[in-house]
Structure formats: C-alpha cells, structure tokens
Amino acid sequence: MTQVAVIGAGWAGLAAAVELAASGCRVALYEAARQCGGRARGITIDGTEFDNGQHILLGAYGETLRLIRMTGGDLASLMLRLPLELVYPGEFALRAPAWLPAPLHLLAGLLGASGLTWLDKLAAMRFMLALRRSGFVIDPDIGVSDLLARWGQTARTRTFLWEPLCIAALNTAPEVASARVFACVLRDAFTHARSDSDLLIPQTGLSALFPDLALRFVAKHDGSLHLGAPVDALDISGERVGLHVDGKSALYDAVVCAIPPRRAAALFVDDAGVSRDLCRVLAAFEYEPIATCYLQYPASVRLMRPMIGLSGAISQWAFDRGALGGPAGLIAVVVSAAGHLRGLPGDALATAIDSELRALIPALPAPLGHRIINEKRGTFRCSPNLERPGVESPLAGVFLAGDHVLSDYPATLEAAIRSGVAAARAARDWVAAKLPATGCDEV
C-alpha cells in the first residue's frame, strides 16, 4: 500500500489526508500542536468552548462541501444556509431572491436594495457587467480600491457592498487588496449557480464542522495521527522521502507539506540550493490579524438576524451564536484586517464593540463578560501580484498545500481544502508513475 505523510493538520492537511485515504493510500498525519484544525478550530478557555474565529462559507465552496459530505457530515444540520443577504440594520439591506437564477438574482437584489439610491444601484450593476465582459480577469493586477474607482463606485456601494465583501473574503484592506483575487471571488459567488452565493453559517463548533470528521475518516482507513510531533527535517537522498521527528525517522513514498509558509521554508532549505526560489517565495508572505470578540449578554438578548453587518469604525460582522446552536445571548463580532488595532487592550476593544452594538440596539443590557481571541497571523496579506507557490515543489516526492498555495483564491477554508485535494492527487499520481508502493517504518 502506498504510504504518504501529511505534515500539518489544519484544514489543508486534513483535506489532503482525507483525499489520500479515500484513494487507498495509508496516511500518517503529523501535527506540531496538540490539536488539529489550525486557524479554524474550537478551543476551550476556562471550561467554555469557543471557535478561534468566525467563518462564513459560500455555496460556491464546492470542495469543502464535498469533503464534509464524504467524511459523513450532514450539511443541513452543520450549517445554516441563507440565500444571499447583506443586512446593516437601519442603513442597508440586500436580499437576493432564491427563485431567480444567477446572475439575475443579484441584479434583482441590487434593484430592490434599501439604503441605495438609483445612482448607487446603476453604478454597482455597471461594475458587475464590466467584470463579466472581461471574464472577471484583472490584468494587470491592481488594488481593489483602484478597481472600484476605475468603475465609478459610489461611497455607499463601497461602504455597504464591495469593501465589506473584500475584507470578509481577503482579510485585507481594499487599498492594498488584490483586485484579481477579489474578481475571482465575485465570479464564483455570483455567476454560476444561484446557490453559489448562499451564505453557510456554521451551527456547530469549527472542529465538529470538518476536522473531527476528517480525523475519524482517516483513522477508519488505517491512517495514523501524531500530535505534538513537529517535523524537524526532510531527507530526499533516497528513493523515498524521509521525515525526521524528535530524533527519529520514517520513510514515505511521498509527503504533503501543509504548514504555514515560513515554517515550510525552514523545511525546504537544502545544501544544493534546489529550493532557493521556493524558500524566497514562502519567506516573503506578510500577514493580517483577525480578532473575534465574544460578548456574553443575558440569555434574552437576540440580534435581528443570525448575521448582521456593522458599519462602525472597528467591527464588520456580528453573529448571534444563540441562534446558531450556541449559548443564548452570546454574540460573536469579527474584526478583520485588524492590524490597526494592534496594541489595543482587550477590555478597550470589547467596550468599543459593545458601543457599536448598542448603537443598533439601544436597550442592550450590559455584557456579563467577554473574551477576545486574536489570530495574529490570521491570513496572508492578499496584495496585488503576490507571488504564490503551486502544489509541486522542487524536491522529488514533496508537495505543498495550504491556503497560500495556488494563485486565484484568497485565504479561505475553500482555498485550504482545494490546495489539500490538489496536493493529494499530485502526490498519488507521482507515486503511481514513479515509485513502487512500499512499506514504511513509522515513528
């Protein structure tokens, strides 16, 4: 049986492990941390479980949905599916009718949107038509703000439509975000099936959404999991790839490396300099933080919708966790591209976010408590013309996965899953073409 190691048990590594196991490979999964899931997992703090971020999926996330189903997940119970709606209470609301095909549903949603003038609506429609005529190709790549200015987008379409979508998808401020990648997101969400633009909001913890399912699937297919096992080095001097972990070694037919860019760069350093260009690309990534503020209010507190937009200076989206399978009165507020808040004390951030919620709900009682979860390297900064690696590495039998791999998608769960699947298939095909399936001495 073909033996493949996967380094890293975030969503990309788990996707690679599931795809490999489903194709008949025996997988060994190595994770440096004591928990799987990477930047989209549940964490327990003082006996209470929180997610380390609030993620929204789209109906267009076909590979993510496929793997959740493959591993036994029931999509209907795991996620709340809402036809596209962007609601800023009292300021703006766009709801795309579910009975119209794409892209007519978006056109109808724009025409019926409240909070926009007719000039705003016409500007937004001209923008989408221009992107459609270009095949959603932006060449040369520019900043999203520059793209919006080029097509005369008004202040209100920027504030309530394009800029929130950019920040939510790319976790990068529009001024420095890639218009090419943003256009790809708009293409996938709005121009194929109508359901592609549906919002899928988890109704369970992130670990239960996919990581737990993936681990059970891999174990069922005779795979192994090694937690607290950082890989120290790769050895490609023989016919198989060697992994060195805590002074021990193991040989595999192929390896999928699904760890963050800079950690991967340290593994790819080689005496011959074969990986020099790859290491340069990996080391050049810069990062944007994401903060999630959990505010616990009395159980009677509810938001107007399970998810609402916030147009204040700090936060972008608020989620009623009580309406999404969590504790009643728990509100999760997302602050994307949060670098400008670096150094702000957690209590001050929670107070500011509570004030933004209070502007929408004047009778909101005082919070009973709060918890701030910061992902300092939430995603890579998705800037124009960013050089990104593919799944093929210059080292024989070693393949790359992660949301930074490939070039047409931002750092989303779908990007991680797609890269993991692509790396797994490349590894499987490489082994089938080049090497015999052999045994493996595991750590």
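In what follows, the structure referred to is the one given above.
Residues numbered from 1 in each chain as written. Predicted model: local features only at pLDDT ≥ 70, side-chain atom pairs only at ≥ 80, totals over all residues. Heavy atoms only, no water.

*Asks:* Would you take a moment to explain the sheet that holds strand E13 (residues 248-252) for this structure?
*Replies:* Strand pairing in a sheet relies on backbone hydrogen bonds. The paired strands run either parallel or antiparallel. With antiparallel pairing, the three strands of this open sheet are ordered in space as E11-E12-E13. On the outer flanks of this sheet lie strand E11 (233-235) and E13, each paired with one strand and no other. Adjacent strand axes in the sheet meet at a mean angle of 25 degrees, parallel and antiparallel pairs treated alike. Here five bridges tie strand E12 (residues 241-245) to E13, and the two strands are oriented antiparallel to one another. Along E13, the bridge assignment pairs Leu 243 with Ala 250. (Pairing = 2+ DSSP bridges. Helix = DSSP H or I, 4+ residues; strand = E, 2+ residues; numbered from the N terminus. Axes fitted to C-alpha atoms, helices over the stretch in contact; angles between N-to-C directions.)

*Asks:* Just to check I follow, could you spell out the environment of Phe 127 for this structure?
*Replies:* Mapped onto the fold, Phe 127 is located in helix H5 (residues 118-133). Between the alpha carbons of Phe 127 and Gly 152 there is a distance of 8.0 Å; along the sequence they are 25 residues apart.

*Asks:* What exactly am I supposed to notice about the packing of aromatic side chains here?
*Replies:* Each aromatic ring pair is characterised by the separation of its centres together with the angle its planes make. Summed over the entire model, instances satisfying the criterion amount to 10 aromatic pairs. When the ring of Phe 50 is compared with that of Tyr 294, the centres are 4.9 Å apart and the planes differ by 55 degrees; the resulting orientation is tilted. With Phe 50 in strand E4 (residues 48-51) and Tyr 294 in strand E15 (residues 287-296), this pair connects stretches of sequence that are 244 residues apart. Given the relative accessible area of 11%, Phe 50 is considered buried. Here Tyr 294 falls in the buried class, since its relative accessible area comes to 4%. When the centroid spacing of 4.9 Å and the interplanar angle of 70 degrees are considered together, the rings of Phe 127 and Trp 162 count as edge-to-face. Residue Phe 127 is located in helix H5, and its partner Trp 162 is located in helix H7 (residues 155-170); the two are separated by 35 residues in the primary sequence. Taking relative accessible area as the criterion, Phe 127 reaches 0% and is therefore assigned buried. When the ring centre of Trp 118 is taken as reference, the NZ or CZ atom of Lys 121 above it lies at 4.8 Å. (Phe/Tyr/Trp six-rings, centres within 6.5 Å; stacked < 30°, edge-to-face > 60°. Buried < 20%, exposed > 50% of the residue type's maximum accessible area, 1.4 Å probe, protein only. Lys NZ or Arg CZ within 6 Å of the ring centre and 35° of its normal.)

*Asks:* Can you help me understand the packing of H5 against H7 in this one?
*Replies:* Packed helix pairs are characterised by how far apart their axes lie and by the angle those axes make with each other. Contact geometry for H5 and H7: axes closest at 9 Å, N-to-C directions at 55 degrees. Taken together, the axis directions place H5 and H7 in an arrangement best described as oblique. As for how H5 packs across H7, the hand of that crossing is right-handed. Contacts between H5 and H7 pair Asp 120, Ala 124, Phe 127 and Met 128 from the former with Arg 156, Thr 157, Leu 161 and Trp 162 from the latter. Residue composition of the contact of H5 with H7, by class: five nonpolar, one polar and two charged. (Parallel < 35°, antiparallel > 145°, perpendicular 65-115°, else oblique. Left-handed = near helix turned anticlockwise from the far one by under 90°. Contact = heavy atoms within 4.5 Å. Nonpolar A, V, L, I, M, F, W, Y, C, P; charged D, E, K, R; others polar.)

*Asks:* Just to check I follow, could you spell out unusual backbone geometry for this structure?
*Replies:* Outside of glycine, negative phi angles account for most residues, and trans bonds account for most peptide bonds. The omega angle of the peptide bond from Ala 102 to Pro 103 is 0 degrees, so this bond is cis rather than trans. Structurally, Pro 103 can be placed in the loop between strand E8 (92-95) and helix H4 (104-111). Cis geometry marks the peptide bond from Asp 139 to Pro 140; its omega dihedral reads 5 degrees. The topology assignment puts Pro 140 in the loop between H5 and helix H6 (144-150). A positive phi angle, near 65 degrees, is found at Asp 222, a position not held by glycine. In this structure, Asp 246 takes a positive phi of about 55 degrees despite not being glycine. Of note, Asp 246 is situated in the loop between E12 and E13.

*Asks:* Quick question: what am I supposed to make of the packing of helix H1 (residues 11-22) against helix H10 (residues 211-220) here?
*Replies:* H10 packs onto H1 with a crossing angle of 30 degrees between their chain directions and a minimal axis gap of 9 Å. Our pair here, H1 against H10, has a crossing hand that is left-handed. Contacts between H1 and H10 involve Trp 11, Leu 14, Ala 17, Val 18, Ala 21 and Ala 22 from the first element and Pro 211, Ala 214, Leu 215, Phe 217 and Val 218 from the second.

*Asks:* Just to check I follow, could you spell out the side chain of Glu 85 for this structure?
*Replies:* For Glu 85, the position within the fold is in strand E7 (residues 85-88). A distance of 2.9 Å separates the side chain of Glu 85 from the side chain of Arg 305, its partner in a polar contact. Excluding residues that lie within four positions of it along the chain, Glu 85 makes contacts with Leu 94, Arg 95, Leu 199 and Arg 305. (Polar contact = N/O pair within 3.5 Å; in protein donor to acceptor, adjacent residues only side chain to side chain.)

*Asks:* Whenever I open this one, the side chain of Asp 120 confuses me. Can you help?
*Replies:* Along the chain, Asp 120 falls in helix H5. The buried charged residue Asp 120 lacks any salt bridge, with Arg 156 as its nearest oppositely charged partner at 4.5 Å. Dropping the residues within four chain positions of it, Asp 120 is found in contact with Thr 154, Arg 156 and Thr 157. (Lys, Arg positive; Asp, Glu negative; His and termini not counted. Salt bridge = Lys/Arg side-chain N within 4 Å of Asp/Glu carboxyl O.)

*Asks:* Please explain the pattern of salt bridges as it appears in this structure.
*Replies:* A side chain with one charge may pair with a side chain of the opposite charge, provided their charged atoms come close. Following the criterion strictly, the structure yields 20 salt bridges and no others. Arg 371 is the salt-bridge partner of Asp 46, the closest N and O atoms lying 2.9 Å from each other. Of this pair, Asp 46 sits in the loop between strand E3 (42-45) and E4 while Arg 371 sits in strand E19 (residues 369-380), and the two are 325 residues apart along the sequence. Asp 46 sits in the exposed class, given a relative accessible area of 71%. Of the residues examined, Arg 371 reaches a relative accessible area of 29% and is grouped as partly exposed.

*Asks:* Looking at this model, I keep getting lost on the pairing of strand E14 (residues 254-257). Mind explaining?
*Replies:* Successive residues of a regular strand alternate their side chains across the two faces of the sheet. Judged by which residues are buried, E14 turns out to be covered on both faces: Ala 254 and Val 256 on one side and Val 255 and Cys 257 on the other are all buried. Both strand E1 (residues 3-7) and E14 contribute to a ladder of four bridges, which runs parallel. Across the sheet, residue Val 4 finds its bridge partner in E14, namely Ala 254. As judged from the three bridges shared by E14 and strand E20 (residues 398-400), these two strands associate in the parallel manner.

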